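Listed below are the residues making up each chain.
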Amino acid sequence: MIAPAPRPASAIVIGAGVVGVATAYAFARRGVAVTLVERREGPGLETSHANGAQLSYLYTDALANPALLSQMPRLALGLVPAFRMRSRLDLDYLRWIAAFLSNCTPERFRTNTLATLRLGLESRIAMEELASAHALDFGLRTAGKMQVYRSEAAWAAAQSVAALKAGPGVVQNALSPAEAARLEPALAEAAEGIHGVLYSPEEAIGDPHLFTCAMHGLLTGSYGVTALFGCDIDRLDPQGDRVVALGADGAEIAADMAIDCSGAEGGKLLRELGIKLPIMPMKGYSFTAPATDHSPSISITDVAQRIVFTRLGDKVRVAGLADLGNTDRSVDPRRSAALLASARHSMPRAAAFDEAGSQWAGLRPMTPDAQPRIARPQPRIAYNLGHGMLGWTLAMGSAERLARLVLD
Ligand SMILES: Cc1cc2nc3c(=O)[nH]c(=O)nc-3n(C[C@H](O)[C@H](O)[C@H](O)COP(=O)(O)OP(=O)(O)OC[C@H]3O[C@@H](n4cnc5c(N)ncnc54)[C@H](O)[C@@H]3O)c2cc1C
């Protein structure tokens, strides 16, 4: 009989994005001595920095779906402005695409969407518990969310997905364009015909970068967590009942367990340990512009354009675009301009677009089935990776899942 894996008394969490800080919290509050290690100079400076800011616990529709499959030839030819697919001949990329395509069946779409919904609902509970236990300042607000559909077929499909998700904790109302515009006057400004709007009044928003900073303060101030910034981990070396994380600068950090929360690069450290995860970066963009009198207060997702609008105080965050297989973190001015044009087209007066600043790009850590990978494959090694388009939404629930798996 195999002995059960021992409960770690100490853990190194690698990566201080939303997933890493949430994981550090889940372990530290269960009494584990946590060292949080981040290669950048502070928390939340990579994909968690300026994402869409939406906590979309119910909008868990998997990217791999039959409708997308029928668009594949146009996608591959670069004819869908929101998407780009790199022509890469490396085997990992081709394998990932093949796995993604195999998830585009109606059955897989349903399974993947419902599995993410379950994690979304767990995440909402975990976030609410965090917020009631600690006064953290990151603009958490139940803003509600509207998914806007601009074709009859898309609207019909959206309603059947909503029916699929119906159950406890899921409040989603189908609204006519006029009903939606009464609740959110900014929608009356939307450029083209809207066929229907799915309104989820309990969806939330929050600034992910402020969250990582607030969590860093909480973890180091109240939970005895040690945070090391500017520490790039090169290798993990499990040695008997310990694991050593070896830094590029020669640092050596030892603990009972190492937890990989390194986002889009997830898997690099694990590969040397014989653990291979299907995580592919999908680059996206955002900008933040001053709000106007016509800015939405409710979060808006224009599904056809794959673009989100989120009101953050006196600003509006706009995010979108999906460049699969792109590993370059820099802002491509052409793609940034494409996002701006798409935002103006979708909701022409939603923000002061002429004053849009803070152009930003990040790499979503995508898995082919839209499921994060949360596991302890070896006694000294665990990971919490691959949160794709919903990492901010799913961070708190994923962290709780991993902590329960390892510690309870
Ligand atoms: C344009 C855009 C919009 C989005 N909008 C939303 C949204 O509205 N809602 C939502 O839920 N999600 C959204 N997402 C997705 C979400 O941002 C990501 O899923 C999430 O940020 C991933 O978090 P993470 O902690 O896994 O990764 P990261 O935030 O990238 O954190 C990983 C950290 O690990 C560090 N690291 C990596 N390797 C090492 C190493 N070897 N040693 C030390 N440190 C290391 C990195 O520096 C980084 O800080 C969006 C993404 C994009 C790009």
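Everything below is about the structure printed above this text.
Every value quoted in this text rests on a predicted model; they were computed, and no experiment measured them.

Chemist: Can you help me understand the overall build of the protein chain in this one?
Modeler: Each helix and strand counted, the protein chain has 10 helices and 20 strands in total. Relative to the globule expectation of 22 Å for 408 residues, the C-alpha radius of gyration of the protein chain, 21 Å, shows essentially globular dimensions. Overall, the protein chain is about 65 × 45 × 45 Å in size when its C-alpha atoms are taken along their principal axes. Looking at the protein chain as a whole, 56% of its 408 residues are labelled buried. Here the contacts in the protein chain between residues at least 6 apart in sequence split such that 78% fall between residues at least 24 apart. With the model as given, the accessible surface of the protein chain reaches about 16700 Å², and the carbon-plus-sulfur share is 55%. Distance between charge centroids for the protein chain: 4 Å, based on 40 positive and 40 negative side chains.

Chemist: Could you clarify how one ought to interpret the environment of V37 in this entry?
Modeler: As for its position among the elements, V37 is in strand β2 (residues 33–38). The residues touching V37, leaving out its near neighbours within four places in the chain, are I12, V13, I14, G15, A16, L228, C231, I233 and I253.

Chemist: Would you mind showing me how to read the packing of helix α1 (residues 18–28) against helix α10 (residues 391–407) here?
Modeler: It is the contact of α1 with α10, at a shortest axis distance of 8 Å, that shows an interaxial angle of 35°. Note that α1 runs across α10; the crossing there is right-handed. Contact residues: V18, V19, A22, T23, Y25, A26 and F27 in α1; G391, W392, A395, M396, A399, E400, L402, A403, V406 and L407 in α10. Taken together, the residues of the contact of α1 with α10 sort by class into 14 nonpolar, two polar and one charged.

Chemist: Looking at this model, I keep getting lost on the site of the ligand. Mind explaining?
Modeler: Taken together, 37 residues form the shell around the ligand, and within it E38, S48, N51, G388 and T393 come nearest. Contact distances for the ligand include 3.1 Å between an oxygen atom and a backbone N or O atom of V19. Between a nitrogen atom of the ligand and a main-chain N or O atom of G52, the distance comes to 2.8 Å. Of all the secondary structure elements, the ones that give two or more residues to the shell around the ligand are α1, β2, β14 (280–290), β18 (357–366) and α10. In terms of residue count, β18 provides more of the shell around the ligand than any other element does, four residues in total.

Rules of the game
- Residues numbered from 1 in each chain as written.
- Predicted model: local features only at pLDDT ≥ 70, side-chain atom pairs only at ≥ 80, totals over all residues.
- Heavy atoms only, no water.
- Helix = DSSP H or I, 4+ residues; strand = E, 2+ residues; numbered from the N terminus.
- Rg over C-alpha atoms; globule rule 2.2 N^0.38 Å.
- Buried < 20%, exposed > 50% of the residue type's maximum accessible area, 1.4 Å probe, protein only.
- Contact = heavy atoms within 4.5 Å.
- Areas by Shrake-Rupley, 256 points an atom, 1.4 Å probe, with all protein chains shown as cover.
- Lys, Arg positive; Asp, Glu negative; His and termini not counted.
- Charge placed at Lys NZ, Arg CZ, Asp CG, Glu CD.
- Axes fitted to C-alpha atoms, helices over the stretch in contact; angles between N-to-C directions.
- Left-handed = near helix turned anticlockwise from the far one by under 90°.
- Nonpolar A, V, L, I, M, F, W, Y, C, P; charged D, E, K, R; others polar.
- Near = heavy atom within 4 Å.
- Polar contact = N/O pair within 3.5 Å; in protein donor to acceptor, adjacent residues only side chain to side chain.

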